[in-house]
Amino acid sequence: MLVLIAVAAFLAIGLEPAVSWLVRHGFPRWAAVATVFVLAFAVLAGFLAAAIPPMVTQGGALVHNAPDYLGHLEQNYPVLGELSTRFHLQDELRRALDAGNMPIVVVLTAYFLADFAHIRSSIYRLAPNSRRPRTILIGDETFAKVGGYVLGNLPISLITAVLTFVWLVAFDVPYPLLLAVLVAVLDLIPVVGSTLAGVVVALVALTVSLPVSLATIVFFIALRLFEDYLLVPRIIGRTVKVPPMVTVVAVLIGGALLGIVGALLAIPVAAAVLLLARETVFPQLDRG
């Protein structure tokens, strides 16, 4: 339950800029929250209406053919079965995609958004009055970093999913829509997500031919470079600036503690910790 509350809080922080923009343009806060949710659900519903029928078809075909594919791959590449067993990938994905938790997250996110201003001001009141202005400045910058990261990652994942879908269709790799959606979800995980997605797609491409699988690996390397050096700087920019070493360590620790959810939240948490250390801890140590 604590993980679900944390996810809802991060989603609320990510959606807060959109809600605040509507409030500044004359919407009551409840109407702004409702508008954001209606638009989000409308986009999601439109996507699901278009995507679910082919995804169901492709998913059923994948389930039906998976034993044959798996047997073929394990026969030629025994190390694949050992890796899957060692890292419990199926269990992790099943736990992360548990549909029963979604209504809880949605309701909590709505409540956080509706009362976000009051929650933020209550947090600031925990600081002594003499330090409250400084606390507000640091807190607002922290919320901006976390919100920019959460909101900025969504279009990046969408772009990578579209490019992956086009590639898979061009080379006649099976289950292109299903794999593209998987890439979009895994790409939300910093550092390791896109790598894991590339491995999964390359394994499926291996059922077509070895050259197609190798070409898919090259495609994902190029996609990763395109994302890191073009999409991220332009969409997220300098909103969340975390050193590469800290990024890797944060993702590893978050993944070890909370699985996929921990890896998803690792970078904004690391950015917030670095900001607090730079603005409060380091100056005190320098004065001492």
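Provided above is the structure to which this section pertains.
Here is a short report on the structure shown in this document. (Residues numbered from 1 in each chain as written. Predicted model: local features only at pLDDT ≥ 70, side-chain atom pairs only at ≥ 80, totals over all residues. Heavy atoms only, no water.)

## Observations concerning a nonpolar patch on the surface
(1) Moving on: Nonpolar side chains collect at one region of the surface, where Leu-210, Leu-214, Ile-217, Ile-221, Leu-225 and Tyr-229 lie side by side and expose about 630 Å² of accessible area between them.
(2) Moving on: For Leu-210, a relative accessible area of 47% translates into the label partly exposed. (Patch = residues over 30% accessible without salt bridge, like charges linked within 9 Å, V, L, I, M, F, W, Y side chains within 5 Å. Areas by Shrake-Rupley, 256 points an atom, 1.4 Å probe, with all protein chains shown as cover. Salt bridge = Lys/Arg side-chain N within 4 Å of Asp/Glu carboxyl O. Buried < 20%, exposed > 50% of the residue type's maximum accessible area, 1.4 Å probe, protein only.)

## Digging into unusual backbone geometry
It is generally the case that most residues other than glycine have a negative phi and that most peptide bonds are trans.
(1) Moving on: The residue Asp-172 is not glycine, and still its phi comes out positive at about 60°.
(2) Moving on: For Asp-172, the position within the fold is in the loop between α7 (132-170) and α8 (176-187). (Helix = DSSP H or I, 4+ residues; strand = E, 2+ residues; numbered from the N terminus.)

## Observations regarding the packing of α7 against α8
(1) Moving on: Running from N to C, α7 and α8 point in directions that differ by 150°, and their axes come no closer than 8 Å. Considering the angle they form, α7 stands roughly antiparallel to α8. Pair α7 / α8 crosses with right-handed handedness. Note on element contacts: α8 touches α7 through Pro-176, Leu-177, Leu-179, Ala-180, Val-183, Ala-184 and Asp-187, opposite Ile-156, Ser-157, Thr-160, Ala-161, Thr-164, Phe-165, Leu-168 and Val-169.
(2) Moving on: Classifying every residue of the contact of α7 with α8 gives eleven nonpolar, three polar and one charged. (Axes fitted to C-alpha atoms, helices over the stretch in contact; angles between N-to-C directions. Parallel < 35°, antiparallel > 145°, perpendicular 65-115°, else oblique. Left-handed = near helix turned anticlockwise from the far one by under 90°. Contact = heavy atoms within 4.5 Å. Nonpolar A, V, L, I, M, F, W, Y, C, P; charged D, E, K, R; others polar.)

## Some points on the side chain of Glu-16
(1) Moving on: Structurally, the position occupied by Glu-16 is in helix α1 (residues 2-24).
(2) Moving on: A distance of 2.5 Å separates a polar atom in the side chain of Glu-16 from a polar atom in the side chain of Ser-20.
(3) Moving on: A distance of 2.5 Å separates polar atoms of two side chains, one belonging to Glu-16 and the other to Arg-29.
(4) Moving on: Not counting chain neighbours up to four residues away, the residues in contact with Glu-16 comprise Arg-29, Leu-113 and Phe-116. (Polar contact = N/O pair within 3.5 Å; in protein donor to acceptor, adjacent residues only side chain to side chain.)

## A closer look at the environment of Ala-180
(1) Moving on: Positionally, Ala-180 belongs in helix α8.
(2) Moving on: Look past the residues within four positions of Ala-180 in its chain and what remains in contact with it is Ala-161 and Phe-165.

## Let's talk about the pattern of salt bridges
Pairing is possible between side chains of opposite charge, provided their charged atoms come close.
(1) Moving on: In this structure the tally under the stated criterion is one salt bridge.
(2) Moving on: The closest approach of N and O atoms between Glu-16 and Arg-29, which form a salt bridge, is 2.5 Å. Here the residue Glu-16 occupies a position in helix α1, and Arg-29 occupies one in helix α2 (residues 29-76), the gap between them amounting to 13 residues.
(3) Moving on: According to the relative accessible area criterion, Arg-29 is partly exposed, its value standing at 21%.

## Structural notes on the packing of helix α6 (residues 116-124) against α7
(1) Moving on: It is at 10 Å that the axes of α6 and α7 come closest, and there the two elements cross at 135°. What the angle tells us is that α6 and α7 run oblique. The crossing of α6 and α7 is right-handed. Along its contact with α6, which presents Phe-116, Arg-120 and Tyr-124, the element α7 presents Arg-132, Thr-135, Ile-136, Gly-139, Asp-140 and Phe-143.
(2) Moving on: Counted by class, the contact of α6 with α7 contains four nonpolar, two polar and three charged residues.

## Brief notes about α7
(1) Moving on: The end-to-end C-alpha distance of α7 is 57 Å, a good match for the 57 Å that 39 residues give at a rise of 1.5 Å each.
(2) Moving on: A positive backbone phi angle near 60° is found at Asp-172, which sits one or two residues after α7. (Expected span 1.5 Å × (residues − 1).)

## Side note on the packing of aromatic side chains
(1) Moving on: Scanning the entire structure with this criterion turns up four aromatic pairs.
(2) Moving on: Here the aromatic rings of Trp-167 and Phe-171 are separated by 4.4 Å at their centres, their planes lie at 35°, and the arrangement is tilted. (Phe/Tyr/Trp six-rings, centres within 6.5 Å; stacked < 30°, edge-to-face > 60°.)

These figures capture arrangement, not role.
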